Amino acid sequence: MNFLLRVWRQRNAKSRGKLVNYEATDISPDASFLEMLDIVNERLLLGGEEPIAFDSDCREGICGTCSLTINGEAHGPDHPGAACELYMRKFRDGQRIIVEPFRARSFPVIKDLVVNRSALDRIVQAGGFISARAGSAPEANSILVPKHDADTAMEAAACIGCGACAAACPNASAMLFTAAKVSHLAFLPQGDPERTSRVLNMVRTMDAEGFGNCANTYECEAVCPAEISVSFIAKLNREYTRAKLQRTAGE
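Here's what I pulled together on the structure shown here.

### Topic: helix α3 (residues 147-157)
Looking only at α3, the buried set comprises Thr152, Ala153 and Ala156. Considered in projection along α3, the buried side chains sweep an arc of 100 degrees and stay on one side of the axis. Among the exposed residues of α3, those pointing more than 90 degrees away from its buried face are Lys147 and Met154. Where α3 is buried, its residues touch α5 (175-186) and α8 (231-250).

In C-alpha cells form, the structure reads like this:
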C-alpha cells in the first residue's frame, strides 16, 4: 500500500511548526501505524534527513505513550484502541493521512509529534498515596468489597493515562482522566482514609494545569482506548461536592 503523509514537524517547543509531505510506499497492510512511521524514518535516515520524532513504548496499547492525532482523531479512526494498535489496512491505498501531536494547551509540543504530558502525572501526584501506616500487606480476603464496587473500580483503573480524552475535548478537559483516577480509589475501602483531600487536591491541580471544563460532548469517551465511561465524570462531581461540603462543615 502507498500513502501520502502530512506530518507535523517542529524542531523544538519555541520554534514554529508546519505540516510536511512524505511518501510512505510499499507498506504492508498488516503493519501498525507506528511500524509504518518506523519505515518512513529508516528511509529518511538513509537519505540523510532527520527522522520524525514520536513517542512509543510497549506498542501493545497498555502504556498510553503513542499520543498521535491521525486525520483529526486522537489515536486515529479505529476505536477503541491506541495508535500502536491501528493497522494500515484501516486506510485506503493512496489515502492522504495527516499526523499531528495531541492538541491541548496543557500538552506543549517538545518536538514533532512528541508532547509533554507531565501535567497528567502532576494530577496523580496531587492525589497522593495512603500516608497512614498500615503495616504489612493484609490478606486480600480480609477486606470484603462488593463485587459491583470491585468491578467498577477495575473499570476506572483501566485508564492508561494517554491523554486522548483531553486532546479530543473541544475544551481540552482532563475530567475523564481525573475522574478515572479518583473513582478507582473512591470505590474501594483502601481509598477511604484520604478520600476528601484526594479529590480536592486532584481537581485543584487539574484546573491549575490549564485543562478546560467538561463540555459534555462525549468525545473523550469516544476516543478512550480503555473505553472509560463518562459516567465516572458524574462520580467525580459527586465526590467533589461531598468533599467540599465536608470540608466546609469541618471548618
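Don't stop here, the text continues.
### Some points on the pairing of strand β5 (residues 96-101)
In terms of strand pairing, strand β1 (residues 3-9) meets β5 through four bridges, oriented parallel. Paired with Leu4 across the bridge in β5 is Arg96. The pairing of strand β3 (residues 68-70) with β5 spans three bridges and is antiparallel. By the bridge assignment, Thr69 is partnered in β5 with Glu100.

### Examining the packing of aromatic side chains
If you walk through the whole model with that rule in mind, you get three aromatic pairs. A centroid spacing of 6.4 Å and a plane angle of 75 degrees characterise the contact between Phe3 and Phe91, whose relative ring orientation is edge-to-face. Of the two residues, Phe3 is situated in strand β1 and Phe91 in the loop between β4 (73-74) and β5; the sequence distance between them amounts to 88 residues. Residues Phe3 and Phe91 agree in their burial class; the two are buried. Arranged with centres 6.0 Å apart and planes meeting at 50 degrees, the rings of Phe33 and Phe91 form a pair that is tilted.

### Some thoughts on the pattern of salt bridges
Overall, the coordinates contain eleven salt bridges when judged by the stated rule. One salt bridge connects Arg89 with Asp30, and the closest N-O pair in it is separated by 3.0 Å. Of this pair, Arg89 sits in the loop between β4 and β5 while Asp30 sits in the loop between β2 (18-24) and α1 (33-46), and the two are 59 residues apart along the sequence. As far as burial versus exposure is concerned, Arg89 and Asp30 are alike and both exposed. Here the residues in one salt-bridge network are Asp192, Arg195, Lys235 and Glu239, joined through shared partners.

### Notes on the environment of Arg103
Within the element layout of this structure, Arg103 appears in the loop between β5 and β6 (109-111). Residues Arg103 and Ala222, spaced 119 residues apart in sequence, show a C-alpha to C-alpha distance of 16 Å. Arg103 has contacts with Trp8, Thr69, Val109, Ala166 and Ala167, leaving out every residue within four places of it along the chain. Side chain to side chain, Arg103 and Glu100 meet in a polar contact 3.3 Å long.

### Considering the sheet that holds β5
Strand order in the open sheet formed by five strands is β2-β1-β5-β3-β4, and the pairing between neighbours is mixed. This sheet does not close on itself; its edge strands, each paired only once, are β2 and β4. Of the strand pairs in this sheet, β1 and β2 are connected by seven bridges, and their pairing is antiparallel. By the bridge assignment for β2, Leu5 is matched with Tyr22.

### Regarding the side chain of Thr196
Structurally, the position occupied by Thr196 is in helix α6 (residues 195-208). You can call Thr196 buried: its relative accessible area is 18%. If near-sequence neighbours (up to four positions away) are discounted, Thr196 is found in contact with Arg242, Ala243, Gln246 and Arg247.

### Side note on the packing of α5 against α8
The N-to-C vectors of α5 and α8 enclose an angle of 70 degrees; their axes lie 8 Å apart at closest approach. What the angle tells us is that α5 and α8 run roughly perpendicular. Our pair here, α5 against α8, has a crossing hand that is left-handed. Contacts between α5 and α8 involve Met175, Leu176, Thr178, Ala179, Val182, Ser183 and Ala186 on the former and, on the latter, Phe232, Ile233, Lys235, Leu236, Asn237 and Glu239.

Analysis parameters
Residues numbered from 1 in each chain as written. Predicted model: local features only at pLDDT ≥ 70, side-chain atom pairs only at ≥ 80, totals over all residues. Heavy atoms only, no water. Buried < 20%, exposed > 50% of the residue type's maximum accessible area, 1.4 Å probe, protein only. Helix = DSSP H or I, 4+ residues; strand = E, 2+ residues; numbered from the N terminus. Arc of directions from axis to C-beta. Contact = heavy atoms within 4.5 Å. Pairing = 2+ DSSP bridges. Phe/Tyr/Trp six-rings, centres within 6.5 Å; stacked < 30°, edge-to-face > 60°. Salt bridge = Lys/Arg side-chain N within 4 Å of Asp/Glu carboxyl O. Polar contact = N/O pair within 3.5 Å; in protein donor to acceptor, adjacent residues only side chain to side chain. Axes fitted to C-alpha atoms, helices over the stretch in contact; angles between N-to-C directions. Parallel < 35°, antiparallel > 145°, perpendicular 65-115°, else oblique. Left-handed = near helix turned anticlockwise from the far one by under 90°.

As far as function goes, none of this settles anything; it's purely spatial.
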